[in-house]
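Geometric and topological summary
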Amino acid sequence: MLKSLRPLLRLSHIVLLATALIGSAQAAPPVRELKLGFVPGPYIDEFKLGVQPQLEQKGYKIRYYEFSTGLEANSAVFKGDIDANVMQHSVFLASYNERNKTDLVGIVQVPTPPMGLYSRKHKNLDNLKKGFTVAVPNDPVNLQRALWILQRLGWIRIRENKPVDVTELDVVENKVGLKLVLLENAQGPRALDDADFAAIQGNFAIFAKLKLSEAFILEDMKPPYINVVAVKKTKQDDTYAQDIVQAYRSEFFQKAIRSEPFYDGFTLPDYFSATSTLKLGKN
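Residues numbered from 1 in each chain as written. Predicted model: local features only at pLDDT ≥ 70, side-chain atom pairs only at ≥ 80, totals over all residues. Heavy atoms only, no water.

**Side note on the overall build of the protein**
Quick note on the threshold: Only DSSP runs of H or I with at least four residues qualify as helices, and only runs of E with at least two residues qualify as strands; both kinds are numbered from the N terminus onward. Throughout, exposure labels follow a simple rule: accessible area from a 1.4 Å probe, protein chains only, divided by the maximum for the residue type, with under 20% read as buried, over 50% as exposed, and the rest as partly exposed. Whether two residues touch is decided by their heavy atoms; if any such pair falls within 4.5 Å, the residues are in contact. Computed with a 1.4 Å probe, the accessible areas rest on the Shrake-Rupley method; for each residue, only the protein chains presented here act as cover.
Within the protein, the secondary structure is distributed over nine helices and 12 strands. Counting across all 283 residues of the protein, residues that qualify as buried make up 48%. Here the analysis covers contacts within the protein between residues at least 6 apart in sequence; of these, 74% occur between residues at least 24 apart. Looking at the protein as shown, the accessible area adds up to about 15,100 Å², and 53% of this sits on carbon and sulfur atoms.

Listed below in structure tokens is the structure:
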């Protein structure tokens, strides 16, 4: 009698094991490929450091795409070639949407290095000769940020209450006789070889191995100019978008950023427990 039960017991063990394996497989999160776009700068490293580990725990496989310009990165999101990008502030995003009739939205802010004024030709701002050159971004949104920096130095005065589409013609007073040189935003670091000064957006400065502490002055960055994760408006409530938001706003991400000296001087979003102190001037 006992001998006849042994095959049945072995069979029951097999059934139980198979059931456990099936249950374990069902409990594992499904793999979902997530396509993220970036331009040169620190945002991809931020993502890999503090966001990717959390998303991978939820079953995501991250695929990274790097673009030369923000226009390309935004077009890729709108066309559905990628799920999201991380490389622009809300003012630039609104301007892009208006010009291109698109519907991208920012879902969460990310730590952002401020724009600063740099030089390889000058050690200080004294005894500058009339006609010295300052390279600035040629797109209206970031040109305005550069002009605000120059105005804070007392070098120029720009037209008040000007809408987003600022041009060099909105400089109504040039107190030191400087000459503006308008360039593609990403060309700012290269301009240091020729121009006396360059107002360089933070992500491009970081990519070019410039330190925020090397800037003569950093912009007083306001929330609209803190960079965001952008997705299509119709996707902002999708699970992947909300998982990205949750990962950025997590304590894990905050600790990862605060533990890295590289991010000293970055402007932090308001969901961080405290704001960062921007470093003005050279060390």
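**Topic: the packing of aromatic side chains**
For any two aromatic rings, the description comes down to two numbers: the centre-to-centre distance and the angle of the planes. What counts here: Centre distance within 6.5 Å is the pairing criterion for rings of Phe, Tyr and Trp, where only the six-membered ring of Trp is used; planes under 30 degrees apart are then read as stacked, over 60 as edge-to-face, and the remainder as tilted. Two conditions define a charge located above a ring, namely a distance within 6 Å from the ring centre to NZ of Lys or CZ of Arg, and an angle within 35 degrees of the ring normal.
With the rule as written, the count across this model stands at 15 aromatic pairs. Between the aromatic rings of Phe 38 and Tyr 64, the centroid separation amounts to 5.9 Å while the plane-to-plane angle is 45°, which identifies the pairing as tilted. Placement of Phe 38 in strand β1 (residues 32-38) and of Tyr 64 in strand β2 (residues 60-66) is noted, with a sequence separation of 26 residues between them. You can call Tyr 64 partly exposed: its relative accessible area is 23%. Summarising the aromatic geometry, the rings of Phe 132 and Phe 197 are spaced 5.8 Å apart at their centres and angled 75° between planes, so their arrangement reads as edge-to-face. In this pair, Phe 132 sits in the loop between β5 (116-118) and β6 (133-137) while Phe 197 sits in strand β10 (residues 197-200), placing the two residues 65 residues apart along the sequence. Phe 197 carries the same exposure label as Phe 132, and that label is buried. A network of ring pairs unites the aromatic residues Phe 38, Phe 47, Tyr 64, Tyr 248, Phe 253, Tyr 271 and Phe 272 as a single cluster. The aromatic ring of Tyr 240 is capped on one face by Arg 32, whose charged end is 4.9 Å from the ring centroid. The ring of Phe 78 carries the charged tip of Lys 232 above its face, separated from the ring centre by 4.8 Å.

**Things to note about the pattern of salt bridges**
So the rule is basically this: In the sections that follow, a salt bridge refers to a side-chain nitrogen of Lys or Arg positioned within 4 Å of a carboxyl oxygen of Asp or Glu.
Taken as a whole and assessed by the stated rule, the structure comprises 10 salt bridges. One salt bridge in this structure joins Arg 120 and Asp 193, with 3.1 Å as the shortest N-O distance. With Arg 120 in the loop between β5 and β6 and Asp 193 in the loop between α6 (188-191) and β10, the pair connects residues that are 73 residues apart, well separated along the chain. Judged by its relative accessible area of 47%, Arg 120 is partly exposed. For Arg 145, the salt bridge identified is with Glu 219, shortest N-O distance 2.4 Å. With Arg 145 in helix α5 (residues 140-152) and Glu 219 in the loop between β11 (217-218) and β12 (227-232), this residue pair connects regions lying 74 residues apart in the sequence.

**Some words on the pairing of β1**
Test applied: If DSSP finds at least two bridges between two strands, the strands pair.
Pairing between β1 and β2: seven bridges, direction parallel. Residue pairing in the sheet places Lys 35 in a bridge with Arg 63 of β2. Of the pairings in the sheet, the one linking β1 to strand β3 (residues 84-89) comprises two bridges and is parallel in character. The residue of β3 that forms the bridge with Leu 36 is Ala 84.

**Focus on the sheet that holds β12**
Applicable threshold: The axes used here are C-alpha line fits, helices contributing only the stretch in contact, and every angle between their N-to-C directions lies in the interval 0 to 180 degrees.
Across the sheet, five strands lie side by side as β2-β1-β3-β12-β4; this open sheet has mixed pairing. Lying at the two open borders of the sheet, with one neighbouring strand each, are β2 and β4 (104-109). Between one strand axis and the next, the sheet turns by 35° as a mean value, whatever way the strands run. Bridge analysis of β3 against β12 gives four bridges, and the strand direction is antiparallel. Bridge pairing links Val 86 to Val 229 in β12. Lying on the sheet, helix α2 (residues 43-57) is in contact with β1, β2, β3 and β12; it crosses β2 at an angle near 165°. Helix-sheet contacts for helix α4 (residues 90-100) involve β3, β4 and β12, and the interaxial angle to β3 is about 110°.

**Topic: the confidence of the model for the protein**
Operational definition: The quantity known as pLDDT measures the predictor's confidence residue by residue, on a range of 0 to 100.
Per-chain confidence: the protein averages 87 in pLDDT, with 85% of residues scoring 70 or above. Per-residue pLDDT stays below 50 along residues 1-9; that stretch engages in zero contacts with residues further than four places along the chain or on separate chains. Note that pLDDT drops below 50 for residues 11-22; the model gives that stretch zero contacts with residues more than four away or on any other chain.

**Side note on helix α8 (residues 239-248)**
Most of α8 sits inside the fold, with seven of its 10 residues counted as buried. For α8, every residue scored as buried is listed here: Tyr 240, Ala 241, Asp 243, Ile 244, Val 245, Ala 247 and Tyr 248.

**Section: the packing of helix α3 (residues 70-79) against α4**
The cut-off we apply is this: Oblique is the label for any angle not covered by the other classes, which are roughly parallel (under 35 degrees), roughly antiparallel (over 145) and roughly perpendicular (65 to 115). Here a crossing is called left-handed whenever its near helix is offset anticlockwise from the far helix by less than a right angle, and right-handed whenever the offset is clockwise. Here the term charged refers only to Asp, Glu, Lys and Arg, the term nonpolar to Ala, Val, Leu, Ile, Met, Phe, Trp, Tyr, Cys and Pro, and the term polar to all other amino acids, Gly among them.
Close contact between α3 and α4 brings their axes to 12 Å; oriented N to C, the two are set at 65°. It follows from the interaxial angle that α3 and α4 lie roughly perpendicular. By crossing handedness, the relation of α3 to α4 is classed as right-handed. Contacts between α3 and α4 pair Leu 71, Asn 74 and Ser 75 from the former with Phe 92, Leu 93 and Tyr 96 from the latter. For the contact of α3 with α4, the per-class residue count stands at four nonpolar, two polar and no charged.

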